Amino acid sequence: MRMHRRSFLQLTALAGGGLALSLYRSPLAVAQSPEKPPELTPQAFIHIAPDGAVTIMARASESGQGMRNMLPMLIAEELDVDWKDVRVQQADLNEKIYGRQFSGGSANTPMGWEPMRRVGAAGRQLLVTAAAQTWAVPAGECTTKSGRVMHPGSGRSASYGEFAAKAAALPAPDLASVKLKDPKDYCIIGHSQQGVDTRKIVTGKPLYGIDVQLPGMLYASIEKAPVFAGKVKSANLDEIKALPGVRHVLVIDGGITPAAYTPWEPGMEPGVAVVADTWWQAQQARKKLKVDWDLGPAATQSSQGFASKAADLLKTPPESTVRRYGDTDAALKSSTKVVEATYEFPFIAHVTLEPQGATAHWKDGKLEMWSTSTLPGDGCALVAKTLGIQESDITTHMVRSGGSFGRRLQNDYLVETAWIAKRVDAPVKLLWSREDDIAHDPFRPGGTVGLKAGLDAQGKMSAWRQHFITFGDGKHATSGGGIGQDSYPAGFPPAYALYTSMQPLMLRTGALRAPGDNAYCWVAQSFLDEVACVAGRDPLEFQLDLLSNKIAPWSSGEHDAVGDHEPTGQSVLIPERYKGVLELVAEKSGWANRSKTPGRGMGIAAWFCHLGYFAEVADVSVDDQNRVTVHRVWAAGDVGSQIINPNAAESMAQGGIMEGMGHLAQEITLKDGKIQQSNFHNHPLMRMRQVPKIEVYWRKTDYAPTGLGEPTLPPTLPAVANAIFAATGKRIRTLPLQRSGFSWA
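Heads up: these notes are all about the structure in this document. Per chain, residues are indexed from 1 in the order of the written sequence. Residue-level local features of this predicted model are given only where pLDDT is at least 70; pairs of side-chain atoms are given and counted only at 80 or more, and the full residue set underlies all totals for whole chains, interfaces and linings. Note that water and hydrogens are dropped before the side-chain values are worked out from all heavy atoms of the structure.

**So, the packing of helix 14 (residues 539-547) against helix 15 (residues 575-589)**
The criterion, for reference: Angular values range over 0 to 180 degrees, each being the angle between N-to-C directions of two axes fitted as lines to C-alpha atoms, with helices fitted over their stretch in contact. Under the DSSP-based scheme used, a helix requires at least four consecutive residues in state H or I and a strand at least two consecutive residues in state E, with every element numbered from the N terminus. Geometric relationships in this document are graded by angle, where less than 35 degrees denotes roughly parallel, more than 145 denotes roughly antiparallel, 65 to 115 denotes roughly perpendicular, and other angles denote oblique. When the near helix sits turned anticlockwise from the far one by under a right angle, the crossing is termed left-handed; a clockwise turn instead gives a right-handed crossing. Contacts are assigned to residue pairs that have any heavy atoms within 4.5 Å of one another. Three categories are distinguished: nonpolar for Ala, Val, Leu, Ile, Met, Phe, Trp, Tyr, Cys and Pro, charged for Asp, Glu, Lys and Arg, and polar for the others, with Gly belonging to the last.
Interhelical geometry of helix 14 versus helix 15 gives an angle of 165 degrees and a closest axis separation of 10 Å. Looking at the two axes, helix 14 sits roughly antiparallel to helix 15. By crossing handedness, the relation of helix 14 to helix 15 is classed as left-handed. Contact residues: Leu540, Gln543, Leu544 and Leu547 in helix 14; Pro575, Tyr578, Lys579, Leu582, Glu583 and Ala586 in helix 15. Among the residues forming the contact of helix 14 with helix 15, the class breakdown is seven nonpolar, one polar and two charged.

Following this line, the structure appears as structure tokens:
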């Protein structure tokens, strides 16, 4: 990341003579938004109190990714303080002070790696300068360690707190000129650090959005139509108002008009909000609601209809060309062998363990919110627009959430809470039920992909043709349903064509962990395995050969590489890094010497997304009833030169693999516009007994560190699916597994 003259530490003396260090950085596109963000204001703070206590502000929201640890760790390392002595404090939302505050797209690591370290290094330099002036010695003779400045020549030593006030008055150093530590001297980076919230989490302390309690708080629950954006025609409101504990019953018009394309943040769905003294009372009152709904045009939708339409579209010429080079049709005609298949993947829900909800208090024309959003700035803007107030009249406290996986990038529940709060004279907590959370999720959209690949006489790929059937209005793909020009294996086959066609969808969709890639990897890597099998070649050797066959340069789209949200350019996918993780995981898993026993097999897959590379091998057995057991997964990752917090990184990789396994058995289906799933019994998560042994290995390369939230997940699906094929000879071309005749043991 380039640093400019504006990228200075801004210094302010705090009350009591403390030192505050503020980071400015140049704009960088937010991973989940194609718009370029505005010029950013101060984004990270260090407070050194006179007694030497160090507090580092956590600017990003936290939903389990470890941002509250990782970003402060970078500052603390270069500041040269002991991590055990650092206090981390969650910042409130104030993008005029902190800059863009978000968690998504595995972007906080690459965005924060250099600037955050330079903040810490600049702080250390200021403290050394202040000490040198106080002691009348050259600054170059001073050293630091564990929050102290030392002058070995005279034997003097003092806490940072003694120099905080003087350091605050010194001119700020240029961030580009500060000296960073040699990585061999790291004491915090690269060493496993316990999460700052871990003790509170395991002892059940209130940390999460669901835990917020305010004096006089009321509780809200919303009944919505079983069909997307269905409106209230009439309801027994007076009867509900008379029930015990019920304070308010409010009809929400919502304002969403169902159409072939639903934007990322359409606002509130219509419904009836019940506000009561307790959430239990609100829920019990909801059960007695009798609503006559105008279900609207979305009631005509069904999963069967989507599948039928997709099959028809595959038989007709594609509507759009995403990317094409070479003469694919001619190459296929001249190929020695042509492999053809259709892959189908379903809608799935996010199913965060903490359902959606927020707390808000409207008082004297201003709003105070307690938000679990991972895009809280966007949420604040949407709330202001909905309520007709200024963003400056909203105070947002960022509260830890019990999972996001992309769900909390959208702020519908936050707007609902604010809308209700403005209409009642008390603080209000809105809490969705699990059934609400599944039925009204912004789902990962499903898709159907028709594929053809050609092989020459030597068993090398000669052509790749892909027709992706997604959802949208013909001009705009539904949120999470687009595909980038550089989606792998683009650029490697001698002739390549990627086409799309769309069918209308009146439903909310959104970004699910590794958006797009969580499905496209399964399709591409499964089909590559299929093509390798037809060629009579080892899948690993086949793919390494393909990666050595760079044909076309990366496209020059504005923000699109894989999925909807990555930069393009010659250096986006680096084949040597991709090959490196494949070779490492093959070595660790003993791929070359794998046994080939009926009923048991190993599968391999890899993917690049969100600037990270991961390859995985799954060892799977299938019994005579087609019940699948995954015994072990080996994973190899390349996310750059440093693993900032190794224990957290390994946990993140394991979590991504487990979630990827969960995707294999999940689906959302519609009938007459209604979601047919309601809870974990028919939209299941992995059970502990089903989780395999997972081994994670790192291939460190000379690139700046990148994030881990997304890239660990996608290869899991094809690695397991390819292992099932190796064990049974049956190819998984339709998800979930149940639709291909398999189930988890």
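**Quick word on the sheet that holds strand 11 (residues 246-252)**
For clarity, the threshold we go by: Whether two strands pair depends on DSSP finding at least two bridges between them.
The seven strands lie next to each other as 11-12-9-19-16-17-18, forming an open sheet whose pairing is mixed. Of all strands in the sheet, those bounded by a partner on one side alone are strand 11 and strand 18 (394-398). The sheet shows a mean angle of 20 degrees between the axes of neighbouring strands, taken without regard to direction. Relative to strand 19 (residues 428-431), strand 16 (residues 357-363) runs antiparallel, the two sharing four bridges. Bridging across to strand 19, alanine 360 finds its partner in valine 428. Across the sheet, helix 10 (residues 376-387) touches strand 16, strand 17 (366-371) and strand 18, and the angle it forms with strand 18 is around 150 degrees. Sheet strands touched by helix 11 (residues 412-421): strand 9 (218-223), strand 11, strand 12 (271-276), strand 16, strand 17 and strand 19. Its angle to strand 16, the strand with the most contacts, is close to 30 degrees.

**Looking at helix 8 (residues 303-314)**
Here is the rule we go by: How far a helix is expected to stretch is found by multiplying one less than its residue total by 1.5 Å. Partly exposed residues are those whose accessible area sits between 20% and 50% of the maximum for their type, while under 20% is buried and over 50% is exposed, using a 1.4 Å probe and protein chains only. Taking the helix axis as origin, the arc is that swept by the directions to the C-beta atoms.
Under the 1.5 Å per step criterion, the end-to-end length of helix 8 is 17 Å for 12 residues, consistent within 8% with the ideal 16 Å. Taken residue by residue, helix 8 has Phe306, Ala310 and Leu313 as its buried positions. The buried residues of helix 8 occupy one face: seen down the axis, they fall within an arc of 60 degrees. Packed against the buried residues of helix 8 are strand 20 (447-455), strand 21 (461-471), strand 22 (496-503) and strand 26 (670-671).

**Overview of the packing of aromatic side chains**
For clarity, the cut-off: What counts as a ring pair is set by centres within 6.5 Å for rings of Phe, Tyr and Trp (its six-membered ring), and what kind of pair is set by the plane angle: stacked under 30 degrees, edge-to-face over 60, tilted for all other angles. Charges are assigned to positions over rings by a cutoff of 6 Å between ring centre and Lys NZ or Arg CZ, combined with an angular limit of 35 degrees from the ring normal.
Inspection of the entire model under this criterion finds 16 aromatic pairs. Ring centres 5.5 Å apart and planes at 85 degrees place the aromatic pair tryptophan 135 and phenylalanine 163 in the edge-to-face group. Here phenylalanine 163 lies in the loop between strand 8 (156-159) and helix 4 (164-168) and tryptophan 135 lies in helix 3 (residues 108-135), a separation of 28 residues in the sequence. By the burial criterion, tryptophan 135 is buried, and phenylalanine 163 matches it. Relative to tryptophan 607, the ring of tyrosine 488 lies with its centre 5.9 Å away and its plane at 90 degrees, an arrangement referred to as edge-to-face. Placement of tyrosine 488 in the loop between strand 21 and strand 22 and of tryptophan 607 in strand 23 (residues 600-609) is noted, with a sequence separation of 119 residues between them. An aromatic cluster is present here, built from Tyr488, Phe492, Tyr578, Trp607, Phe608 and Tyr613 joined pairwise through their rings. One cation-aromatic arrangement involves arginine 117 over tryptophan 113; the distance from NZ or CZ to the ring centre is 4.0 Å.

**Topic: helix 3**
Test applied: Think of it this way: the bend at a residue is just the angle between two axes, each fitted to seven residues, one set ending at that residue and the other starting at it.
Over its 28 residues, helix 3 runs 39 Å from end to end, which matches the ideal 40 Å to within 8%, given 1.5 Å per residue. Residue glutamate 114 marks the point of greatest curvature in helix 3, where the axis turns by about 30 degrees; the proline proline 115 follows within four residues. Most of helix 3 is tucked away, with 22 of its 28 residues classed as buried. Phi turns positive one or two residues past the end of helix 3, at alanine 136, with a value near 60 degrees.

**Let's talk about the pattern of salt bridges**
Note the cut-off: Each reported salt bridge corresponds to a side-chain nitrogen of Lys or Arg within 4 Å of a carboxyl oxygen of Asp or Glu.
Counted by the stated rule, this structure contains 35 salt bridges. Of the charged contacts in the structure, one is a salt bridge between glutamate 77 and lysine 181, with a shortest N-O distance of 2.6 Å. Pair noted here: glutamate 77 is in helix 1 (residues 67-79) and lysine 181 is in the loop between helix 4 and helix 5 (198-202), with a separation of 104 residues, a long-range link. Taken individually, glutamate 77 and lysine 181 each receive the classification buried, so the pair is uniform in this respect. A salt bridge links aspartate 412 to arginine 407; the shortest N-O distance between them is 3.0 Å. Take aspartate 412 and arginine 407: they sit in the same class, and that class is buried. Salt bridges here are not isolated pairs; linked through shared partners, they connect Arg407, Asp412, Asp441 and Arg508.

**Here we look at the packing of helix 13 (residues 517-535) against helix 14**
For the pair helix 13 and helix 14, the least separation of the axes is 9 Å and the interaxial angle reads 105 degrees. On the basis of the axis angle, helix 13 is roughly perpendicular to helix 14. Of the residues in helix 14, those in contact with Gln525, Leu528, Asp529, Val531, Ala532 and Ala535 of helix 13 are Pro539, Phe542, Gln543 and Leu546. In terms of residue class, the contact of helix 13 with helix 14 is made up of seven nonpolar, two polar and one charged.

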